[in-house]
Every structure is written in structure tokens, then in C-alpha cells.
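Geometric and topological summary
Listed below are the residues making up each chain.
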Amino acid sequence: MLNKLKELQVSIQDLSAERINAHEFCRVWRTQEELLGNLPPQFADVMENLLGRLEASSMFTEESCSFSQADLVAQLQIWLDKAATRLQK
């Protein structure tokens, strides 16, 4: 599972550095069935909610969208940290 968590961490860094776009970022996150299968179902729900808002925000400029991409990425980092903690138990 550590390699899955690392892949998601790298995707956050890549999105922040604009090496990938929001669509590619969301694709990476949504292909983590094995990881999600080892977490409570609420993790998948929260993740999908955040990814949906991230995709919506990518269609607009930062000023015209009610979702801040930076804030959503920060929330996904918190999600990732909580997932890592949960998997270590």
C-alpha cells in the first residue's frame, strides 16, 4: 500500500508544479481501487467529492469559480495523510 500512497503524493506534487493537469490528476486518484478497498467506504465518498469539485474548478479561472483548486488540493493532502494513518493501524 505504501507505493499507492506514494503515487498519490507524487500526483499532488505534480499537479501543484503543473506537470499534470486536473484531469490527469483525477484519473490517477480514481484508479486506486486496491487502496480504497483497504479503507472504510467513507474515504471513497470524500475522495470523489473532492475530485469532482477539483474537476469543476479546472474548467474556470480561479476568480470565477467557487472552488479554490489550492484549497481542494490541500484537502486531498489531508485525506492522504488520514488514509496513511488508517492503513498503519
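Residues numbered from 1 in each chain as written. Predicted model: local features only at pLDDT ≥ 70, side-chain atom pairs only at ≥ 80, totals over all residues. Heavy atoms only, no water.

1. A closer look at the pattern of salt bridges
Rules: When a carboxyl oxygen of Asp or Glu is within 4 Å of a side-chain nitrogen of Lys or Arg, the pair counts as a salt bridge. Accessibility here uses a 1.4 Å probe with only protein chains present; expressed as a share of the type maximum, an area under 20% marks a residue as buried, one over 50% as exposed, and anything in between as partly exposed. Elements are defined by DSSP. Helices are runs of H or I of four residues or more, strands are runs of E of two residues or more, and each kind is numbered from the N terminus.
For the coordinates displayed, the defined rule picks out four salt bridges. Note that arginine 19 and aspartate 14 form a salt bridge whose closest N and O atoms lie 2.9 Å from each other. Taking the relative accessible area as the measure of exposure, aspartate 14 reaches 18% and is therefore buried. Arginine 30 is the salt-bridge partner of glutamate 55, the closest N and O atoms lying 2.8 Å from each other. Taken together, the residues span a long stretch of sequence, with glutamate 55 in helix α4 (residues 41–58) and arginine 30 in helix α2 (residues 22–30) at a distance of 25 residues. According to the relative accessible area criterion, arginine 30 is partly exposed, its value standing at 28%. If you follow the salt bridges from partner to partner, you end up with Arg30, Glu48 and Glu55 in one network.

2. Remarks on the confidence of the model for the protein
In plain terms, the rule: pLDDT is a residue-level measure of predictor confidence that goes from 0 to 100.
This prediction gives the protein a mean pLDDT of 91; 91% of its residues lie at or above 70. Per-element averaging of pLDDT across the protein places α4 at the bottom with 94 and α2 at the top with 97.

3. A word on the nonpolar core
Note the following rule: In this text, buried Ala, Val, Leu, Ile, Met, Phe, Trp, Tyr and Cys residues form a nonpolar core when linked through side-chain atoms within 4.5 Å. Any pair of residues with heavy atoms lying within 4.5 Å of one another is described as a contacting pair.
Membership of the largest hydrophobic core comes to 23 residues, with the highest contact counts inside it found for Phe25, Trp29, Leu54 and Trp79. Elements that contribute at least two residues to this core include exactly α1 (2–16), α2, α3 (33–37), α4 and α5 (69–88). Broken down by element, the residue count for this core peaks at six residues, all from α5. Residues within four places of phenylalanine 25 in sequence aside, it is in contact with Ser11, Ile12, Leu15, Ile20, Leu51, Leu54 and Leu76.

4. Examining the packing of aromatic side chains
Using the following cut-off: Between the rings of Phe, Tyr and Trp (Trp by its six-membered ring), a pair exists once the centres lie within 6.5 Å; its type follows the angle of the planes, with under 30 degrees stacked, over 60 edge-to-face, and the other angles tilted.
Applying the stated criterion to the full structure yields three aromatic pairs. Both rings, one in phenylalanine 25 and one in tryptophan 29, keep their centres 5.5 Å apart while their planes meet at 35 degrees; by these two values the pair is tilted. Separated by four residues within a single helix, phenylalanine 25 and tryptophan 29 lie in helix α2, roughly one turn from each other. Of the two residues, phenylalanine 25 and tryptophan 29, neither departs from the other in class, the shared state being buried. Members of the aromatic cluster, joined through ring pairs, are Phe25, Trp29, Phe43 and Trp79.

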